[in-house]
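Structure assessment
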Amino acid sequence: MTVSLEVAEGVGTLRLDRPPMNALDIATQDRLKELAEEATRREDVRAVVVYGGEKVFAAGADIKEMQAMDHTAMVLRARALQDSFTAVARIPKPVVAAVTGYALGGGCELALCADFRIAGENAKLGQPEILLGLIPGAGGTQRLARLVGPSKAKDLIFTGRMVKAEEAREIGLVDRVVPADEVYTQAHAWAAKLAQGPALALRAAKESIDTGLEADIDTGLALERNWFAGLFATEDRERGMRSFVAEGPGKAKFL
């Protein structure tokens, strides 16, 4: 399989495995969607790590496969391409991308679907589609601009240039830079910590932020208000407040 889902300590690792560069061909895209939806459904998966292995995250689409496609073929495929990445972005649980080596084109777009990005010192990220006479097609023009701002997104997309890990951190494309051999360990630790938290409240926070960013402030506030009030019906809220009153902050156990 080109993508696998392994679960440990409440963390599901979506692992890309298509040597040598984890090129995201159609079969890989479809498998990614399938497993992202599985991670969404499974109660034993409380957080997710997206990982490409020790050497490379994903170097982009399978160019040879794309070269053989004409306009009609891509019109029929483009929605499925985007849907495979959106399935990762809509996992209603904390998601961290563990980025080593190249994360280019579709690889960068996949990292953008995560809530948090930890990159190795050897990481290089970019959207080089312009060099093929194209633009990003798996969410890059939208998610990158929302993450780093339109000006920086246009710089990367217009030029097709790669940025190294430190510059990626400086512009907000990644959140943390660590030694390459610590990327997965740190990403899993981040996810495992959140996997111990209140699952429904984490889901509410993620949906409120992500959906609110696409709406006007009043709509966002209404969404937040409804989730906030709704969480008062949960056992986790009762447990969290009871623990706070009895033991002080940060002592509640939600599993």
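Scroll up for the structure.
Throughout what follows, the structure given in this document is the object of discussion. (Residues numbered from 1 in each chain as written. Predicted model: local features only at pLDDT ≥ 70, side-chain atom pairs only at ≥ 80, totals over all residues. Heavy atoms only, no water.)

Attention now goes to the state of the cysteines. Enumeration according to the criterion identifies 0 disulfides in this entry. You can see Cys-108 has no disulfide; the closest cysteine sulfur is in Cys-113, sitting 10 Å from it. Residue classification places Cys-113 among the buried positions, given a relative accessible area of 3%. (Disulfide = S-S within 2.5 Å. Buried < 20%, exposed > 50% of the residue type's maximum accessible area, 1.4 Å probe, protein only.)

Looking only at helix α6 (residues 150-159), the buried set comprises Ala-153, Leu-156 and Ile-157. Angularly, the buried residues of α6 cover 90° about the axis, an arc narrow enough to put them on a single face. For α6, the exposed residues set more than 90 degrees away from the buried face come down to Ser-151 and Phe-158. In this fold, the buried residues of α6 make contact with α5 (140-148), β8 (162-164) and α7 (165-171). Positive phi shows up at Gly-160, right after α6, with a value of about 75°. (Helix = DSSP H or I, 4+ residues; strand = E, 2+ residues; numbered from the N terminus. Arc of directions from axis to C-beta. Contact = heavy atoms within 4.5 Å.)

This part is about unusual backbone geometry. Between Pro-19 and the following residue, Pro-20, the backbone shows a cis peptide bond with an omega angle of 5°. With respect to the secondary-structure elements, Pro-20 resides in the loop between β2 (11-16) and α1 (26-41). Unlike most non-glycine residues, Asn-22 shows phi in positive territory, near 55°. Within the fold, Asn-22 resides in the loop between β2 and α1.

This part is about the sheet that holds strand β4 (residues 95-99). What the 6 strands build is an open sheet, ordered β1-β2-β3-β4-β6-β9; its pairing is mixed. Bordering the open sheet on either side are β1 (3-8) and β9 (176-178), each of which pairs with just one other strand. Averaged over all neighbouring strand pairs, the angle between strand axes comes to 20°, with direction disregarded. When β2 meets strand β3 (residues 47-51), the two strands line up parallel, connected through 5 bridges. Each residue of the ladder has a partner; that of Val-11, found in β3, is Ala-47. (Pairing = 2+ DSSP bridges. Axes fitted to C-alpha atoms, helices over the stretch in contact; angles between N-to-C directions.)

Further remarks concern the pattern of salt bridges. When the charged atoms of two side chains with opposite charge come close together, those side chains can pair. Considering all chains together, one arrives at 14 salt bridges under this definition. As a salt-bridge pair, Arg-42 and Glu-38 come within 2.9 Å of each other at their nearest N and O atoms. A residue is classified by how much of its surface remains accessible, and Arg-42, at 27% relative accessible area, is partly exposed. Here Asp-236 makes a salt bridge to Arg-239, at a shortest N to O gap of 3.1 Å. With Asp-236 and Arg-239 both in helix α11 (residues 235-247), this residue pair falls 3 residues apart, about one helical turn. What you see here is one network of salt bridges that share partners, running through Arg-18, Asp-25 and Asp-62. (Salt bridge = Lys/Arg side-chain N within 4 Å of Asp/Glu carboxyl O.)

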